[in-house]
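Spelled out from the first residue to the last, the chains are:
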Amino acid sequence: FFKFDVRGKENYKNLKKPFILAANHASYLDGELIVVALPWNSEFFPIRYTAAEYIYNQLILGAILWILGGFPIIQGIGLDKSLARAISLLKGDEVIGIFPEGRMTRDGKLGEGKPGIAYLALKTGLPILPVGVSGTFGLSPKKILSYFLFRRKPIKITFGKPFYLQDFIGEHNPDPEKDKEILT
């Protein structure tokens, strides 16, 4: 139906659970396309994606996220409280999928990152697997069939090299109130 290009598979070959998967976010299907880009029997499954709490109020989309293992993030209550479930899942050897921009892009461009991913990485000491998704901007549930049947531009998933945030800033136990510069 469409061109699907996966690059950087060698970058996750030696990676073991738990870890944080961080990707840009341009469509409703980005998380699912990342899953499709991994081997069908990957030990990384399920990838537990975070999503804003209000999305779970949408009947169909909320149900799909629950079925796929996603969980809500309550915004505006502080990083320590809103990401407590993510930290618990990571401590239980799960893989957490997060979109560092905190939302889907509205113009197709990469936006500014939010502090959540840095907080998770520093609090748990776990590696981050960066993933780039391109060719999905404008893909919506209403346009999905025509998108795949008539679109010529390929969808590309690129897995970057895993890294530890501590390697860049040193050992640090983040305080969400004091460390706003480090976390953003």
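All figures in this text were calculated on a predicted structure; none of them were measured in a lab.

**Things to note about unusual backbone geometry**
For step 1, the next point in the chain: A cis amide bond links Lys17 with the next residue in sequence, Pro18, at an omega value of -5 degrees.
For step 2, the next point in the chain: Its location among the elements puts Pro18 in the loop between strand S1 (4-7) and strand S2 (19-23).
For step 3, the next point in the chain: Following Phe45, the chain continues to Pro46 via a peptide bond in cis, the omega torsion being -10 degrees.
For step 4, the next point in the chain: Structurally, Pro46 can be placed in the loop between helix H1 (30-37) and strand S3 (47-52).
For step 5, the next point in the chain: In this structure, Asp93 is a non-glycine residue whose phi angle is positive, near 65 degrees.
For step 6, the next point in the chain: Mapped onto the secondary structure, Asp93 falls in the loop between helix H4 (84-91) and strand S5 (95-98).

**Observations concerning the environment of Gly160**
For step 1, the next point in the chain: Among the structural elements, Gly160 can be located in the loop between strand S7 (155-159) and helix H7 (166-169).
For step 2, the next point in the chain: Residues Gly160 and Glu10, 150 residues apart in the sequence, show an inter-C-alpha distance of 9.1 Å.

**Details of the sheet that holds S5**
For step 1, the next point in the chain: With mixed pairing, the seven strands of this open sheet are ordered in space as S1-S7-S6-S2-S5-S3-S4. With partners counted over all chains shown, the strands left at the sheet margins are S1 and strand S4 (71-73), one partner each. Going across the sheet, the axis of each strand differs from the next one's by a mean of 25 degrees, ignoring polarity.
For step 2, the next point in the chain: The pairing of S1 with S7 spans four bridges and is parallel. Within the sheet, the bridge partner assigned to Arg7 lies in S7 and is Thr158.
For step 3, the next point in the chain: Against the sheet, H1 touches S1, S2, S3, strand S6 (128-134) and S7, its axis set at about 70 degrees to S7.
For step 4, the next point in the chain: Helix H5 (residues 116-124) contacts S2, S5 and S6 of the sheet and is inclined by roughly 165 degrees relative to S2.

**Considerations on the packing of H4 against H5**
For step 1, the next point in the chain: Close contact between H4 and H5 brings their axes to 11 Å; oriented N to C, the two are set at 40 degrees. Taken together, the axes of H4 and H5 are oblique relative to one another. The two elements H4 and H5 meet at a crossing, and its hand is right-handed. The segment H4 lies against H5, with Ala86, Ile87 and Leu90 engaging Tyr119, Leu120, Lys123 and Thr124.
For step 2, the next point in the chain: In the contact of H4 with H5, the residues fall into five nonpolar, one polar and one charged.

**Some thoughts on a nonpolar patch on the surface**
For step 1, the next point in the chain: Taken together, the side chains of Leu59, Ile60, Ile64, Ile67 and Leu68 define a hydrophobic patch exposed on the protein surface, amounting to about 570 Å² of accessible area.
For step 2, the next point in the chain: Looking at the element boundaries, Leu59 is found in helix H2 (residues 59-67).
For step 3, the next point in the chain: The class for Leu59 is exposed, based on a relative accessible area of 73%.

**Quick notes on the environment of Phe19**
For step 1, the next point in the chain: Summarising the element assignment, Phe19 is placed in strand S2.
For step 2, the next point in the chain: Assessed through its relative accessible area of 1%, Phe19 is described here as buried.
For step 3, the next point in the chain: C-alpha of Phe19 to C-alpha of Ile47: the two residues are 28 residues apart in sequence and 9.9 Å apart in space.
For step 4, the next point in the chain: Filtering out sequence-adjacent residues up to four positions away, Phe19 remains in contact with Phe44, Leu90, Glu94, Val95, Ile96, Leu126, Pro127 and Leu129.

**Observations regarding the nonpolar core**
For step 1, the next point in the chain: Counting residues in hydrophobic clusters, the biggest one holds 21 residues, and the most contacted among them are Ile20, Leu83 and Leu120.
For step 2, the next point in the chain: Secondary structure elements with two or more residues in this core: S2, S4, H4, S5 and H5.
For step 3, the next point in the chain: A total of six residues in this core trace back to one element, the largest contributor, which is H5.
For step 4, the next point in the chain: In contact with Ile20, other than residues within four places in its own chain, are Leu90, Ile96, Ile98, Ile117, Leu120, Ala121, Thr124, Pro127, Ile128 and Leu129.
For step 5, the next point in the chain: Residues Phe99, Val131, Val133 and Ile155 belong to the second largest nonpolar core, which totals 20 residues.

**Remarks on the pairing of S3**
For step 1, the next point in the chain: Where burial is concerned, most of S3 is hidden: six out of the six residues are buried.
For step 2, the next point in the chain: In this region the chain leaves S3, passes through H2 and returns to the parallel neighbour S4; the handedness of that crossover is right-handed.

Parameters and conventions
- Residues numbered from 1 in each chain as written.
- Predicted model: local features only at pLDDT ≥ 70, side-chain atom pairs only at ≥ 80, totals over all residues.
- Heavy atoms only, no water.
- Helix = DSSP H or I, 4+ residues; strand = E, 2+ residues; numbered from the N terminus.
- Pairing = 2+ DSSP bridges.
- Axes fitted to C-alpha atoms, helices over the stretch in contact; angles between N-to-C directions.
- Contact = heavy atoms within 4.5 Å.
- Parallel < 35°, antiparallel > 145°, perpendicular 65-115°, else oblique.
- Left-handed = near helix turned anticlockwise from the far one by under 90°.
- Nonpolar A, V, L, I, M, F, W, Y, C, P; charged D, E, K, R; others polar.
- Patch = residues over 30% accessible without salt bridge, like charges linked within 9 Å, V, L, I, M, F, W, Y side chains within 5 Å.
- Areas by Shrake-Rupley, 256 points an atom, 1.4 Å probe, with all protein chains shown as cover.
- Salt bridge = Lys/Arg side-chain N within 4 Å of Asp/Glu carboxyl O.
- Buried < 20%, exposed > 50% of the residue type's maximum accessible area, 1.4 Å probe, protein only.
- Core = buried A, V, L, I, M, F, W, Y, C linked by side-chain atoms within 4.5 Å.
- Right-handed = clockwise from strand over helix to strand, strands pointing away.

The quantities given are spatial measurements derived from coordinates; they are silent on function.
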